[in-house]
Amino acid sequence: MLAVENGIARDRQTGRRLFSLVEQDVHVPAEMSTYLAGYKNWMYRADEASPPVPVVKDEDYRRDFSSDDAFRAIDVYAGPEGAIPEVDPSSSTTKYKTRDKLLGSFIPTVTEEQANPNYRVRQVAARKIGNALQLRRELEVFGTTGIFSSSANLWASGNTQTLGTTTYWDTGTASDPLGVLDTRLNASAQPVTRIVMPYNVALIFLKHASVRDQLRQAYGDGAYPGLAALAQGGAPSPGNMDFMIPGYPPFIVAASKVKNETTSALDYILSKTVLLLCVPPGVPKDGEETSTSYTFRVRGGSGVGYETRSFRIEGRGQKGGTMEVVYCSEVPTMTGSNCGGAVYAAIS
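Everything numeric in this text was worked out from a predicted model, so none of it was measured.

Topic: unusual backbone geometry
Step number 1: Positive phi is not limited to glycine here, since S264 has a value of about 70°.
Step number 2: Within the secondary structure, S264 sits in the loop between strand 10 (257–259) and strand 11 (266–268).
Step number 3: Positive phi outside glycine occurs at K272, with the angle close to 60°.
Step number 4: Positionally, K272 belongs in the loop between strand 11 and strand 12 (274–277).
Step number 5: Residue K272 is classed as partly exposed on the basis of its relative accessible area of 32%.

Some points on the pairing of strand 15 (residues 321–334)
Step number 1: For strand 15, the tally of buried residues reaches 13 of 14 residues, placing the bulk of the element in the interior.
Step number 2: Two strands pair when backbone bridges link them, and strand 6 (residues 99–108) and strand 15 are joined in this way by 10 bridges, in the antiparallel orientation. From the neighbouring strand, L102 faces strand 15, where its bridge partner is Y327.
Step number 3: Relative to strand 15, strand 13 (residues 293–298) is paired through 5 bridges, and the arrangement is antiparallel. Its bridge partner being in strand 15, F296 is matched across the sheet by V331.
Step number 4: Alignment of strand 14 (residues 307–313) against strand 15, held across 7 bridges, turns out to be antiparallel. Considered in strand 15, the bridge of F311 is made with M323.

So, the packing of aromatic side chains
The relative placement of two aromatic rings is captured by the distance of their centres and the angle of their planes.
Step number 1: Enumeration over the complete set of coordinates arrives at 8 aromatic pairs.
Step number 2: Measuring from ring centre to ring centre gives 6.2 Å for W42 and Y199, while their planes differ by 45°; the resulting arrangement is tilted. With W42 in the loop between helix 1 (23–26) and helix 2 (46–49) and Y199 in helix 7 (residues 199–207), this residue pair connects regions lying 157 residues apart in the sequence.
Step number 3: Following the ring pairs from residue to residue traces out a cluster consisting of W169, F205, F243, Y248 and F251.
Step number 4: Between K257 and the ring centre of Y268, over which it is positioned, the NZ or CZ distance is 4.9 Å.
Step number 5: The residue whose ring lies beneath R316 is F106, and the NZ or CZ to ring-centre distance is 3.8 Å.

Description of the sheet that holds strand 12
Two strands in a sheet stick together by hydrogen bonds in their backbones, pointing the same way (parallel) or opposite ways (antiparallel).
Step number 1: Strand order in this open sheet of 5 strands is 7-16-12-8-9, and the pairing throughout is mixed. Strand pairing shows two members of the sheet lacking a second neighbour, strand 7 (160–162) and strand 9 (251–254), which therefore form its edges. Averaged over all pairs of adjacent strands, the angle between their axes in this sheet comes to 15°, without regard to strand direction.
Step number 2: The pairing of strand 7 with strand 16 (residues 341–344) spans 3 bridges and is classified as parallel. Across the sheet, T162 pairs through a bridge with Y344, a residue of strand 16.
Step number 3: Against the sheet, helix 6 (residues 177–187) makes contact with strand 7, strand 8 (194–198), strand 9, strand 12 and strand 16, and its axis sits at roughly 35° relative to strand 12, the strand it touches most.
Step number 4: Along the sheet, helix 7 contacts strand 8, strand 9 and strand 12; its crossing angle with strand 8, the most-contacted strand, is approximately 105°.

Scoring rules and cut-offs
Residues numbered from 1 in each chain as written. Predicted model: local features only at pLDDT ≥ 70, side-chain atom pairs only at ≥ 80, totals over all residues. Heavy atoms only, no water. Helix = DSSP H or I, 4+ residues; strand = E, 2+ residues; numbered from the N terminus. Buried < 20%, exposed > 50% of the residue type's maximum accessible area, 1.4 Å probe, protein only. Pairing = 2+ DSSP bridges. Phe/Tyr/Trp six-rings, centres within 6.5 Å; stacked < 30°, edge-to-face > 60°. Lys NZ or Arg CZ within 6 Å of the ring centre and 35° of its normal. Axes fitted to C-alpha atoms, helices over the stretch in contact; angles between N-to-C directions. Contact = heavy atoms within 4.5 Å.

Below is the structure:
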């Protein structure tokens, strides 16, 4: 009598194999040591929108000079023997308070000893922690409750605009993306140095007839110079999705996403919003520069803000393990609410 079990033919009475060797005789399936795939978020861009300012204390005061020092016209005239007109610099202090952020990952010793050689347990744990901290920072700056969002309401009243049915850039019958940006640029108290938009908005923006006309006016009907990088690199990468339009600040594309815990969809962190930001280089020290936002970050012992530590935990598992911890203390702050601006609901 013949019996077939797990692909092997045997005599039902004796159990003796009736045919020659098969795959199961020579190979036991195991995890590949030459393959390790996964996902990576798009480039995080919060540091470009809210540059870190190293600080020593987690709570202190910052000093800002008034915009009147730059823009208010002062009476400077006097008669031959009249009194000397006087002026006093006007400044104020504002308190900041950083928030501690930290994350750890426990690595059992037995797990580390038996891991696939291609799976470097400590490296994977550190990368996971780093990504989680960066993603949280991206949400604090660009997210729906971040400092630039409409719900935060930190902008000066004349520096934001919310589009509607007729003005949406994708479906509005009276849409005018460049006109909207022109209005925001003119409303800013300081020169805008970059315009940040999510990837889905950028795709629609670049296809709009008025934007195409602006590009054609500068470059003719030839290929836009920025397309060369795309052609050489194949698929788009975070670096070559940024673009320029003559007469406007550089356009920065923020394509990072976050999982929506309600729908399980991956949503753009900067959602349908276009930001116009003033970000001068360096840290202001002369009282004549400011950014739309700065992030006050405690310098720490390493001098860069982010620090790591590891320690043994003996009370867990057969051989104990190691806890890897990364931490920082920082707070993104709107420091120039009338510098730059925001366009909400740019697309439907």
